[in-house]
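# Coordinates in review
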Amino acid sequence: MGDQRAIGVFDSGIGGLTVLKEIQKRLPHESLVYLGDTARVPYGAKSKDTIIRYSINNTRHLLNEGVKMLVVACNTASAYALEELEKMSSAPVIGVVEGGVMAAVRATSGKVGVIGTEATVRSGKYVTEILKRIPGAEIVTKPCPLFVALAEEGWTDNEVAHAVAKEYLKDMEGKIDTLVLGCTHYPVLKNSIRYALGENVKLIDSAEETSRLVEEKLRVLGLGADADADNPALIRFLVTDSPERNLQLGRRMLGDGIKIDRAELVDITWGDK
Ligand code: DGL
């Protein structure tokens, strides 16, 4: 008999839905509960302590929902809070940095660009992890905070997005063979990023690799769900503010493959004094 409990996935906003989508594609029998902290997005401009505190709120809420595994679908939270979350969590925890690093190391011939939020870039996490595996790699980093706002607004492939991408990425043109999209909001901007960098740069989106890590961990720990025709897998979408607005944005982010009926408004600060 499989473990039919849901996998919890969280992000500051709706960006982590890019990760949820890959998990659902790979593991269609798994129920998923997604939490977007839409009241407090963006995390990328916050301090380390605040990012950790918010990440703890998200984790506590999802554990209270009874999840069997936690996926931190936010690079900013993964870069700063993963160890804290592992300490507090009764369920196994998977971040997104590891998958991004693994995929980048496989793809690159040594010249890597890393883009992410201000906090993720400041953490130096990607650079340290890539250099551990490719000592001599040339790495260029750039925070791209406006990409989060563009993704949340649904402006992913228009003139404004193209101009922003061109400006942010101009120093990387011709200097990198691989670009890590070190923020889960960025994959929806792939067309604009390609417009800025051309077709030859490989774009690394950690979502696919992360879904592989989730599959592997479920298998090793014996936590996988069984297909159950009477109780098909469920996807729930929780947000901390503006459910209607985020339902529209979330649907656009997920595209046709995954249907979400509603966004549930939740308070995740209940344990704070
Ligand atoms: N999607 C998040 C990430 O992967 C954070 C965006 C933000 O809240 O600034 O880093």
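The structure contained in this document is the topic of the report that follows. (Residues numbered from 1 in each chain as written. Predicted model: local features only at pLDDT ≥ 70, side-chain atom pairs only at ≥ 80, totals over all residues. Heavy atoms only, no water.)

## Brief notes about the packing of helix H8 (residues 159–169) against helix H9 (residues 190–197)
Direction vectors running N to C along H8 and H9 enclose 50 degrees, while the axes themselves pass 8 Å from each other. In terms of their interaxial angle, H8 and H9 are classed as oblique. For the pair H8 and H9, the crossing hand works out as right-handed. Facing H8, whose interface residues are Ala-161, His-162, Ala-165, Lys-166 and Leu-169, H9 presents Ser-192, Ile-193, Tyr-195, Ala-196 and Leu-197. Each residue belonging to the contact of H8 with H9 can be placed in one class, and the counts come to seven nonpolar, two polar and one charged. (Axes fitted to C-alpha atoms, helices over the stretch in contact; angles between N-to-C directions. Helix = DSSP H or I, 4+ residues; strand = E, 2+ residues; numbered from the N terminus. Parallel < 35°, antiparallel > 145°, perpendicular 65-115°, else oblique. Left-handed = near helix turned anticlockwise from the far one by under 90°. Contact = heavy atoms within 4.5 Å. Nonpolar A, V, L, I, M, F, W, Y, C, P; charged D, E, K, R; others polar.)

## Quick word on the packing of aromatic side chains
Throughout the structure, instances matching the rule amount to four aromatic pairs. Taking the centre distance of 5.8 Å and the plane angle of 35 degrees together, the rings of Tyr-34 and Phe-237 count as tilted. Taken as a pair, Tyr-34 in strand E2 (residues 32–36) and Phe-237 in strand E9 (residues 235–239) lie far apart in primary sequence, 203 residues in all. As far as the burial class goes, Tyr-34 and Phe-237 line up, both buried. For the pair Phe-147 and Tyr-186, a centre-to-centre distance of 5.2 Å together with 90 degrees between the ring planes defines the contact as edge-to-face. Taken together, the residues span a long stretch of sequence, with Phe-147 in helix H7 (residues 146–153) and Tyr-186 in the loop between strand E7 (178–182) and H9 at a distance of 39 residues. The exposure class assigned to Phe-147 is buried, which follows from its relative accessible area of 0%. For Tyr-186, a relative accessible area of 0% puts it in the buried group. One aromatic cluster is present, built from ring pairs that chain together Phe-147, Tyr-168 and Tyr-186. In this structure, Arg-40 is placed above the aromatic ring of Tyr-54, and the distance from its NZ or CZ to the ring centre is 3.7 Å. (Phe/Tyr/Trp six-rings, centres within 6.5 Å; stacked < 30°, edge-to-face > 60°. Buried < 20%, exposed > 50% of the residue type's maximum accessible area, 1.4 Å probe, protein only. Lys NZ or Arg CZ within 6 Å of the ring centre and 35° of its normal.)

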